[in-house]
Every structure is written in structure tokens, then in C-alpha cells.
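For reference, the chains in residue letters:
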Amino acid sequence: MQQFLYHILRFVFLLISKLPFGVLYRLSDLLFLLVYHVARYRRRLVWKNLQTSFPEKDTDELKSIERDFYHFFCDYLHETIKLLSISKEELEKHVEFRNLNVVEDYFEKGRDCAGILGHYGNWEWLSTTNIGFRRYRDAVIGLIFHPLYNKAFNQLFLDIRQSTGGICIPKQNILRYLLGFKREGRKSLVGYISDQGPKWENIHLWLDFLNHETPVFTGAERIMKKMNNVVFYVDMERPQRGKYIFTFRLLTDKPQELEEHAITRLFFQHLEQSIRREPRFYLWTHDRWKRTHKEFDERFKVENGHVLPRTNNDMP
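What counts as what
Residues numbered from 1 in each chain as written. Predicted model: local features only at pLDDT ≥ 70, side-chain atom pairs only at ≥ 80, totals over all residues. Heavy atoms only, no water. Pairing = 2+ DSSP bridges. Helix = DSSP H or I, 4+ residues; strand = E, 2+ residues; numbered from the N terminus. Axes fitted to C-alpha atoms, helices over the stretch in contact; angles between N-to-C directions. Contact = heavy atoms within 4.5 Å. Core = buried A, V, L, I, M, F, W, Y, C linked by side-chain atoms within 4.5 Å. Buried < 20%, exposed > 50% of the residue type's maximum accessible area, 1.4 Å probe, protein only. Parallel < 35°, antiparallel > 145°, perpendicular 65-115°, else oblique. Left-handed = near helix turned anticlockwise from the far one by under 90°. Nonpolar A, V, L, I, M, F, W, Y, C, P; charged D, E, K, R; others polar. Expected span 1.5 Å × (residues − 1). Phe/Tyr/Trp six-rings, centres within 6.5 Å; stacked < 30°, edge-to-face > 60°. Lys NZ or Arg CZ within 6 Å of the ring centre and 35° of its normal.

Engineer: Which residues make up the sheet that holds strand β4 (residues 167-170), and what are the values?
Structural biologist: In space, the seven strands of this open sheet follow the order β1-β9-β8-β2-β5-β3-β4, with mixed pairing throughout. The open sheet has two edge strands, β1 (95-98) and β4, and neither has a second partner. Ignoring which end each strand starts from, the neighbouring axes of this sheet average 30° apart. In this sheet, β4 lies alongside strand β3 (residues 140-145) in parallel orientation, the contact comprising four bridges. Within β4, the position partnered with L143 by the bridge is C168. Packing against the sheet, helix α6 (residues 100-108) makes contact with β1, β2 (113-117), β5 (188-193), β8 (230-240) and β9 (243-252), and its axis sits at approximately 160° to β8.

If you want it as C-alpha cells, here you go:
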């Protein structure tokens, strides 16, 4: 059944992907009406996230951001499907990569690189980065992914993400893949989306982010340090529909010399700057602040770097 569903979905998505951008955006406008006005998809959560993130903004401004976000969200879905069949020549009209020459300079010095980014802009289009290289067109563009529970959708998203030359790397096998690329002598630029909300047992750091005390992942930083990667923050801009600018901003080329959590802190500072510049392009439908520091302290303790549930003997 899952295999049958996959083939049906892929056929439908492939047909949609072959439509011109102009038609796709008309479909996106229709989807916006359904998602925003009829289904009211996660409207309450989005509104809460916006209000608590921007207490200085009035209701009219927040409403404008909310509507603009849903418009963009529907565009994001159609743009992602478009990756299934878009040609390299057409892609080059829609994406611009800045500072990739700096990435290639580090390749020449024998260094591998990591790009750290959030759910901002169309992160799926980062899989097209290889078209921006001039000297290292065969470099690996690695995309970290967490397998989806539904096997049909999991395979479909793998197809989309790998359709333009990227390589999907399972989250639990990152080091094995990276070491394999090194053994093969292949230069790599691996992208880490690092603003997800960690589960309780994976919380090792809390940061002030968008007016919230926020639990954050630190695993990407540990891998970057272990591999001694040159680390870039990937900033995204969308000056118009169907046009993206990806700018690679150097965070550090000496990750092993930085104190613990420094890279993670830098990343969230840059991400917040991007979001405050254009709030509509952030993924506001994610319930990233459902876990609070107060509840964490009540339910868990940290011993030797490990998060453990509290027992009755631990209670005050």
C-alpha cells in the first residue's frame, strides 16, 4: 500500500512540477484561501508565536505578517514540488549564490565546509547549491534529514531533495557519511537545519531567541568541531516570487578553538537577525516553544552531561 501511494503521489507531484512558475503561483494563491480562510491551518499557534516573538508590534502589523507568512508557506510548497523536474538552466534564473567562491577557496586548502541554517525562506532550494560552484562542481552537497514515519512521503521527499544533485544523509549516520566522503577524496558542503525543538532528553542549552527562553540542539556544532569544518551561516533573501539569494557568511574556520556552544550561539544570533528583517519567511507553524525551562527543571536533572528524569528522591 505504501509503495502504491508513493507512485501515485510522485506521478501527481511530477505533473504539478512541470507547470510554469506563473501557473504554480496561481495555484498557490488558491491554496492560500483554503489554508488560511477555510482550514485555518494552525492559525492559533501562528498567532501566539507572532505575538510572543514581537511584543513591540501592534495587531495590524502582526496580522499583516501572519497573512504574508501563509502566502509564502503556500508558495514554498509549490516551489518545493517544482524541484522534481526543474532544469539547471531554469534554476539559474531563480537562484543566486553569494560567497560560494569563499567555500571553494577553503576546498582548495583541503578543508570541508558546513552550512548552518534555520527554517527560513525555502530551505529545500539549498539542495541546488552545486549549480553555484565554478571550480568544484563535483563537490558533495549533503542534506541532513530525519526519516519520516510515512514511508511513501519519506521516499517522495528524498526524491525531491536529491533531484538537483544533493545527497540526503540520515541524521543517525552523519559521521559515517562524512568520513566516507573524506576517504573518497570528495570535498563536501553539508547543510544543517538547526532550529528544531529538541526532545527533553536532548536539551543541553537554553538561549534567548525571539523573546523566548528556547531549548536548542547542539549536535550539529559537535559534529562540525569533530570534523574541523569551516562553518558558514546560510542567509536567505527573497526579493520577489521565485527568486532566492543565498549568502554564505563565514562564522569560523577554527571551530575547535571556540568555546563550547559558541557556534550554536552565533547561529541563533544570525537567524534572529534574518527573521527580524523579514518575519514572513520563518516557519511559524512549528510549536518550538512548547517546552519550558521551568518544566525541564521540575522533571529532569543533568548529571555528567546527560539529561535524566528526576526521581522522588530528587524532589525538593
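Engineer: Now, about the nonpolar core: what can you tell me, with residues and values included?
Structural biologist: Generally speaking, nonpolar side chains in soluble globular proteins are found buried as a group. Grouped together as the largest cluster of nonpolar side chains are 88 residues, with contacts concentrated most on Y192, F246, F248, I275 and W284. Here the element with the most residues in this core is helix α4 (residues 59-82); it accounts for nine residues. The residues touching F248, leaving out its near neighbours within four places in the chain, are F97, R98, N99, L100, V103, L126, T129, L189, F232, Y233 and V234. One finds W200, F296, F300 and V307 within the second-largest nonpolar core, a separate group that totals six residues.

Engineer: Summarise the packing of helix α8 (residues 174-183) against helix α9 (residues 219-227); cite the residues concerned and give the values.
Structural biologist: Relative to each other, α8 and α9 sit at 25°, their axes nearing to 11 Å. Comparing their axes, α9 and α8 come out roughly parallel. The way α8 lies across α9 gives a crossing that is right-handed. Packed against α8, whose contacting residues are I174, L175, L178, L179 and K182, the element α9 presents I223, K226 and M227 at the interface. Among the residues making up the contact of α8 with α9, the classes are represented as six nonpolar, no polar and two charged.

Engineer: Before we move on, could you go through the environment of L9 and cite the residues and values that matter?
Structural biologist: Examined against the element boundaries, L9 turns out to sit in helix α1 (residues 2-17). With relative accessibility at 16%, the residue L9 sits in the buried group. Measuring from C-alpha to C-alpha, the distance between L9 and S64 comes to 33 Å, with 55 residues separating the pair along the chain. Setting aside its immediate chain neighbours within four residues, L9 contacts F153 and L156.

Engineer: A description of the packing of helix α2 (residues 21-38) against α4 should follow, citing residues and the corresponding values.
Structural biologist: At their nearest, the axes of α2 and α4 sit 8 Å apart, and the two run at 135° to each other. It follows that α2 is oblique to α4 by the angle criterion. Crossing of α2 over α4 shows right-handed handedness. Contacts between α2 and α4 involve F21, L24, Y25, L27, S28, D29, L31, F32, V35, Y36 and H37 from the former and E66, R67, Y70, H71, C74, D75, L77, H78, E79 and K82 from the latter.

Engineer: Can you lay out α2 for me, pointing to particular residues and giving the numbers?
Structural biologist: The end-to-end C-alpha distance of α2 is 25 Å, a good match for the 26 Å that 18 residues give at a rise of 1.5 Å each. The set of residues buried in α2 consists of F21, L24, Y25, S28, F32, V35 and Y36. The secondary structure elements touched by the buried residues of α2 are α1, α3 (43-53), α4, α5 (88-91) and β8. A positive phi of about 50° marks R40, the residue just after α2.

Engineer: Please give an account of the packing of aromatic side chains that cites residues and values.
Structural biologist: Using the criterion set out here, one finds 30 aromatic pairs in the structure. Between Y177 and F181 the ring centres are 6.3 Å apart and the planes differ by 70°, which places this aromatic pair in the edge-to-face class. Here Y177 pairs with F181, and both are found in helix α8, just four residues apart, close to one helical turn. Ring geometry for Y233 versus F267: centroids 6.1 Å apart, planes at 50°, classification tilted. Note that Y233 is positioned in strand β8 and F267 in helix α10 (residues 262-277), a separation of 34 residues in sequence. Assigned by exposure class, Y233 and F267 land together as buried. Joined through ring pairs, the aromatic side chains of F32, Y36, Y41, F69, Y70, F73, Y76 and W123 make up one cluster. A cation over a ring is seen here: K109 above Y106, with NZ or CZ 4.9 Å from the ring centre.

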